[in-house]
Amino acid sequence: MTTHLRRRIGFGLFLLLLLPLGFYEARSLLASSSQRLNPATLQSLVISYQWQLQQRLVQAVSATQLQAPLPPEFSAYWQKDQQTWQGKRRVPSLAEASCPPAPGRIIPLASAHRIQLYLCMEQPTQKQLFLLNVPALLSQPLALETLSLALVDPEQQRLFQLDAHSGDLLTTPILKDSPHQPMLTSTNNTQLGTTLDASWVTTSFGWRLVLLQHHERDPWHWLWLTATLGLCLLLSWTLPAWLGGYIYRRFRYLTQAAAQIALGNFTFRLPSETHDELELINTVFNRMLDEIQIQKQRLQEQNDALQAGNESLQETLETVQNMQSERFVTASSILQHAESQILRQLLKWPIQQMTELSHRLQQQQELLDSQLHQTAIDRNQLHQSSQNALALFEQLQIKLNQAHDLLDHYRPETNKEDLGEKQHIHLAPLLQETVHRLLPHWQPQGHQVYIRCSPHITLDSYPLAIAQVINNLMMNALHHGFTPDDAGEIVISVKQDAQHVVITFRDNGCGIPVKLEEKLFQPFQSANPGTTGNSLGLYLTRQLIQQLLNGSIIYQPTESPGACFIITLPLDVAAEQPGI
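Below is a summary of the structure that appears in this document. Please read these numbers as outputs of a predicted model, since none were measured by experiment.

Strand order in the open sheet made by the 5 strands is 2-1-5-4-3, with antiparallel pairing throughout. At either end of the open sheet lies a strand with only one pairing partner, and these are strand 2 (84-87) and strand 3 (105-110). When the angles between neighbouring strand axes are averaged without regard to direction, this sheet yields 25°. Looking at chain direction, strand 4 (residues 115-122) and strand 5 (residues 126-132) are connected through 5 bridges and run antiparallel.

In structure tokens, the structure reads:
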């Protein structure tokens, strides 16, 4: 391994080992800063602890009796009735000190080994003296582990607190240059320090109750941090050296083998050295090379077989294309026959009307001839007959124009390839594509079109015919269902059962008059006679559904405004279409 690579690996390992150390240090700093309370919180806590301490003392004093067990706040008790002291222990030397009434005052008494605190108070009939159990008073539950309580005697200028390890009462004199000096002059305040914060309040018996907050770091912290950094440096130097002497040589063999494989030489094999995990890699790699040689020979044989199969598949593809062409011709002939039948049915109605009008026109002509051969000609009758003949002629001309428009509108297609053939259809994409093609017709007017169709609905039918049906209904709704100022909605919803697909086409336009519902699917019938069009859209739609798609369409009246058409289509269109 080169020196440069070893340094890079050593530096990377050093950073990798340093990462958890830095995470732990940052976490420690965040934890210490997040647990440090602000001055306002410290002041509110010490006031709360001071109130709790005074309540405990008041309750303990009222519950103390000579013959009863003492409360945990007191270690001994004496009382003086008239001139006699009574108690279970020897009366201390300060028994004759003056005492104020309740809540009394705290008097320190120093001995050779320790300092004890006494609570002294004088009642009208007796005098009471209590030896305070300071550890019990100051060791009440606090908000954080870094908090502790202490007492300050402003007269004796001493600080009383418990030892953190032994629990003994420690006393510290407060000198002039001591950081605790403000506790003697100020009754209530908060003082922040680098390693210790203090907040105090004056109690009813004249002493200060102090809440201390410790936030100094562990003295062994920096020693531990230095030792950890040294260990990281040692590992970052030794691990690359071990990798260079033990692992890098094995990877050099693998690199040589990979270069030989890239050149197409599969005869190269890795050497065998020691029996360990890396030797297992060499063995597996050599077996892989053996398998590659075998697979290479098999691939060559399969390639020859695939080439022969490709030629056979090409012949099969040509056969399938010929079969599809035959099927397309059959489907086109069926569609052409259906269109011819539809056109013949469409022309039947205007031809019948023209025949009737021609017969009536002939009768009117005979009437005119008879009137002209009369000796006395009545001009009014002659004029009326002439007007009737002219009206019949105009009606006959209208019917001729309708037949002419019908032929122009429904001319059979010469190129049947545009109509496609029967296919397996996913209905939702077909409806979306059809509506999207009509986007210029409905979006500028502000109309909204909604399609509610599951993507799993499929059927075997003619997609272009279904698209033409939806196109006819859309254009019919846009031209006849909405006024130019309307912004309407069209909803196309689809459901499927075991044998059929049901398409519901609904709009919220002006609807269809009741008197036209029965003649709605007849040719030349329109709900709005003043609009443009040949009035054949719904008739052609019905013929297309019945004759080509083997389905049905009905108009369903609704209570809400608008029109509703229900189309029922089979899941599989029969191969042979019925005649008209």
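As a further point, take the sheet that holds strand 8 (residues 169-173). Spatially, the 6 strands line up as an open sheet ordered 8-7-6-11-10-9, and their pairing is antiparallel. Edge strands, defined here as strands with exactly one partner in the open sheet, are strand 8 and strand 9 (189-191). Within the sheet, the average angular offset between the axes of one strand and its neighbour, ignoring direction, is 25°.

A few words on the pattern of salt bridges. Going through the model one piece at a time under the given rule, you end up with 3 salt bridges. Between Asp572 and Lys422 there is a salt bridge, and its shortest N-O distance comes to 3.0 Å. Here Lys422 lies in the loop between helix 8 (379-409) and strand 12 (423-426) and Asp572 lies in the segment after strand 18 (564-570), a separation of 150 residues in the sequence. Owing to a relative accessible area of 46%, Asp572 belongs among the partly exposed residues under this scheme.

Before going further, it helps to examine the packing of helix 9 (residues 427-437) against helix 11 (residues 463-481). The N-to-C vectors of helix 9 and helix 11 enclose an angle of 50°; their axes lie 10 Å apart at closest approach. When the interaxial angle is binned, helix 9 and helix 11 end up oblique. Crossing of helix 9 over helix 11 shows right-handed handedness. On the side of helix 9, the interface is formed by Leu427, Leu430, Leu431, Thr434 and Arg437, while helix 11 contributes Pro463, Ile466, Ala467, Ile470 and Asn471. A breakdown of the residues in the contact of helix 9 with helix 11 according to their chemical character gives 7 nonpolar, 2 polar and 1 charged.

Parameters and conventions
Residues numbered from 1 in each chain as written. Predicted model: local features only at pLDDT ≥ 70, side-chain atom pairs only at ≥ 80, totals over all residues. Heavy atoms only, no water. Pairing = 2+ DSSP bridges. Helix = DSSP H or I, 4+ residues; strand = E, 2+ residues; numbered from the N terminus. Axes fitted to C-alpha atoms, helices over the stretch in contact; angles between N-to-C directions. Salt bridge = Lys/Arg side-chain N within 4 Å of Asp/Glu carboxyl O. Buried < 20%, exposed > 50% of the residue type's maximum accessible area, 1.4 Å probe, protein only. Parallel < 35°, antiparallel > 145°, perpendicular 65-115°, else oblique. Left-handed = near helix turned anticlockwise from the far one by under 90°. Contact = heavy atoms within 4.5 Å. Nonpolar A, V, L, I, M, F, W, Y, C, P; charged D, E, K, R; others polar.

Take it as geometry only, folks, not as evidence of what the structure does.
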